[in-house]
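Structural characterization, general
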Amino acid sequence: MVLQYYEESDEKKAAFGNNLSEKQWEDIAEIKDMYGDVLFTAPLVAANVAHEKDEAGNLVIDESQACVVRRIFREFLSGTSPLDIAKGLNRDGVCGVHGRPCWARVTIERMLRNEKYVGDLLMQKTYTKDFIGKVQIKNSGEVEQYYIRDNHLAIICREDWDRVQKMLDKLM
């Protein structure tokens, strides 16, 4: 999903207006003034299994893949390491985002950190400054990020998400 700065009357701002404060919209306007026409992005990354976009561009759950996400979180909560989860998925022939069983520890770790599975959205993980080149740059603090809680349907309940994040923080 690609988000741009929107005027007050625009339908996209109305959609996010309930989740962003007036201060956050002012910050976006300030960033627009500083950087010009910057694209603010919230891309679907390779580790985002089980969500797809509907015709309106909204994230919806792909139930055929959601069971894999639930399995990963369930196994991690029961004490299985990301490496062993990946090995188990490969052993069981579970296909990943590329359509084949090719799971790695780092993929599992990214999935366990992916806020989309709890229904949240972190905006501006990357940004595009040059429209012509369309080169996306990882946002390392150049542009303010916005976290939107309960943006779309969750695959993982908030309680399990919070427990997983605490467990990961202890590991890393």
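Here we summarise the structure given alongside this text. (Residues numbered from 1 in each chain as written. Predicted model: local features only at pLDDT ≥ 70, side-chain atom pairs only at ≥ 80, totals over all residues. Heavy atoms only, no water.)

Helix and strand counts for the chain stand at six helices and eight strands. Starting at the N terminus and walking to the C terminus, you meet the elements of the chain as β-α-α-β-β-β-α-α-α-β-β-β-β-α. Expressed as a percentage of its 172 residues, the buried residues of the chain come to 42%. A sequence separation of at least 24 residues applies to 61% of the contacts in the chain between residues at least 6 apart. Accessible area for the chain stands at about 9,800 Å²; split by element, carbon and sulfur atoms hold 50% of it. (Helix = DSSP H or I, 4+ residues; strand = E, 2+ residues; numbered from the N terminus. Buried < 20%, exposed > 50% of the residue type's maximum accessible area, 1.4 Å probe, protein only. Contact = heavy atoms within 4.5 Å. Areas by Shrake-Rupley, 256 points an atom, 1.4 Å probe, with all protein chains shown as cover.)

Tracing the backbone shows glutamate 52 in strand S3 (residues 51-53). For glutamate 52, a relative accessible area of 39% corresponds to the partly exposed category. The spatial distance from the C-alpha of glutamate 52 to the C-alpha of aspartate 62 is 6.4 Å, given a sequence separation of ten residues. Ignoring sequence-local partners within four residues, the contact set of glutamate 52 consists of Asn58, Leu59, Val60 and Asp62.

Below, the discussion takes up the nonpolar core. The tendency in soluble globular proteins is for nonpolar side chains to be buried as a group. Of all hydrophobic cores here, the largest spans 23 residues; its most connected members are Val69, Ile72, Phe73, Leu89, Trp103, Ile108 and Leu112. Put simply, the parts of the chain that give this core at least two residues each are helix H3 (63-77), helix H4 (82-91), helix H5 (105-113) and helix H6 (158-171). The element that contributes the greatest number of residues to this core is H3, accounting for seven residues. (Core = buried A, V, L, I, M, F, W, Y, C linked by side-chain atoms within 4.5 Å.)

Before going further, it helps to examine the pattern of salt bridges. Tallied over the full model, the rule gives eleven salt bridges. Glutamate 115 serves as the salt-bridge partner of lysine 116, at 3.6 Å between the closest nitrogen and oxygen. Judged on exposure class, the residue lysine 116 and its partner glutamate 115 are both buried. Here lysine 125 makes a salt bridge to glutamate 115, at a shortest N to O gap of 3.1 Å. (Salt bridge = Lys/Arg side-chain N within 4 Å of Asp/Glu carboxyl O.)

A separate point is the packing of H3 against H5. For the pair H3 and H5, the least separation of the axes is 10 Å and the interaxial angle reads 95°. By the angle between their directions, the pair H3 and H5 is classed as roughly perpendicular. Contacts from Val69, Ile72, Phe73 and Phe76 of H3 reach H5 at Ile108, Met111 and Leu112. (Axes fitted to C-alpha atoms, helices over the stretch in contact; angles between N-to-C directions. Parallel < 35°, antiparallel > 145°, perpendicular 65-115°, else oblique.)

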